[in-house]
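Per-entry structural report
Single-letter residue listing:
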Amino acid sequence: MTSAYLFRRLRTAMLATAFAGIASAAAFAQDNTPREAVITVYGEGHSEVAPDMAILSFSVVKDAKTAREALDANNKAMADVLNALKSAGIAERDLQTSGFAVNPQYQYPDNSDGGSRPPVLIGYQVANSLTIKVRDLAKLGAIIDQSVTLGVNQGGSIQFTNDQPEATITEARKQAVADAVAKAKVLSEAAGVALGRIIEISENSSRPQPLPMMRTMAKEYAADAVPIAAGENSYNVTVNVTFAIAQ
């Protein structure tokens, strides 16, 4: 082993030790850097607007001895409903089948005496579900009324919404940020510090939720147009805002 080789090994080891010392010193300095003082608050904003659209969800359900008979009866009723909706001005793009099912129906015997009699097939049920967007709310009550008259016998939900709610949501956002800024100013003044720049903003928003409708409908309820109260939609926005504390 030559002296030149030993010298190179020694020099490499010294350089590695030096670099390790520099890295450790940098990490130590970083760990001991004072963390920036911040204030984090949340703000709330609410903006209301009258709805201009309703989304209905309901079904035609038919029972019969055979699946074919149940399907034929269901098809006729649903075709009548669709034709009536189109005649009322509902566009094709606002009609969408949202579910379809064919289910056997059983009668379960009383086995309380300890018997093990099997269930008996008594027929079939076909359910066809439809989602409708009604853009003219003045027609909503009459549409529900006529749909029930023509065969709709199970209801899902009604949701009053807005086709273009962006301006209303923007107003709620502005209110939420203004609320957060006001809270941060109160906190900074109470603590005797100056409010600095905004470091981070995050947002959560919510839209109006569907309202439950009557679960089962019968033709005898269709004597008069269904009374409808649309009310107002409230769009809510919350923001989390982090401010620096000016040093």
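Preceding this section is the structure that the text describes.
A short tour of the structure in this document, coming up.

What counts, and at which threshold
Residues numbered from 1 in each chain as written. Predicted model: local features only at pLDDT ≥ 70, side-chain atom pairs only at ≥ 80, totals over all residues. Heavy atoms only, no water. Helix = DSSP H or I, 4+ residues; strand = E, 2+ residues; numbered from the N terminus. Buried < 20%, exposed > 50% of the residue type's maximum accessible area, 1.4 Å probe, protein only. Contact = heavy atoms within 4.5 Å. Pairing = 2+ DSSP bridges. Axes fitted to C-alpha atoms, helices over the stretch in contact; angles between N-to-C directions. Parallel < 35°, antiparallel > 145°, perpendicular 65-115°, else oblique. Left-handed = near helix turned anticlockwise from the far one by under 90°. Core = buried A, V, L, I, M, F, W, Y, C linked by side-chain atoms within 4.5 Å.

**Topic: the overall build of the protein**
Helices and strands together make up the secondary structure of the protein, namely four helices and eight strands. Element order for the protein, N to C, with α for helix and β for strand: α-β-β-α-β-β-α-β-α-β-β-β. Here the protein, with 247 residues, has 28% of them falling under the buried criterion. A separation threshold of at least 6 residues defines the contact pool for the protein, and within that pool the share at least 24 residues apart is 87%.

**Description of the sheet that holds strand β6 (residues 194-206)**
An order of β1-β8-β6 is seen for the three strands of this open sheet, with the pairing classed as antiparallel. Lying at the two open borders of the sheet, with one neighbouring strand each, are β1 (38-49) and β6. Each adjacent strand pair in this sheet contributes to an overall mean axis angle of 20 degrees, direction not counted. Judged from the 10 bridges that link them, β6 and strand β8 (residues 233-246) form a sheet pairing that is antiparallel. Bridging from a neighbouring strand, Glu203 pairs with Val239 of β8. Helix α4 (residues 166-191) rests against β1, β6 and β8 of the sheet, and its axis sits at about 145 degrees to β1.

**Brief notes about the pairing of strand β4 (residues 120-134)**
In the sheet, strand β2 (residues 53-64) pairs with β4 via 11 bridges, with the strands oriented antiparallel. Note that in β4 the partner of Val60 across the bridge is Asn128. In this sheet, β4 lies alongside strand β3 (residues 95-107) in antiparallel orientation, the contact comprising 12 bridges. Bridge assignment links Gly99 to a residue of β4, and that residue is Ser129.

**Structural notes on the packing of helix α2 (residues 67-87) against helix α3 (residues 140-150)**
Taken N-terminus to C-terminus, the directions of α2 and α3 make an angle of 155 degrees; their axes are 9 Å apart at the nearest point. Taken as axis vectors, α2 and α3 run roughly antiparallel relative to one another. Here α2 runs over α3; the crossing is right-handed. Taking contact as the criterion, the partners of Ala77, Asp80, Val81, Ala84 and Leu85 in α2 are, on α3, Ile143, Gln146, Ser147 and Leu150.

**Remarks on the nonpolar core**
Residues Leu56, Val81, Leu85, Ile132 and Leu140 are the most contacted members of the largest nonpolar core, which totals 20 residues. Every element with two or more residues in this core is listed here: β2, α2, β4, α3 and β5 (154-161).

All we've got here are geometric facts, nothing functional implied.
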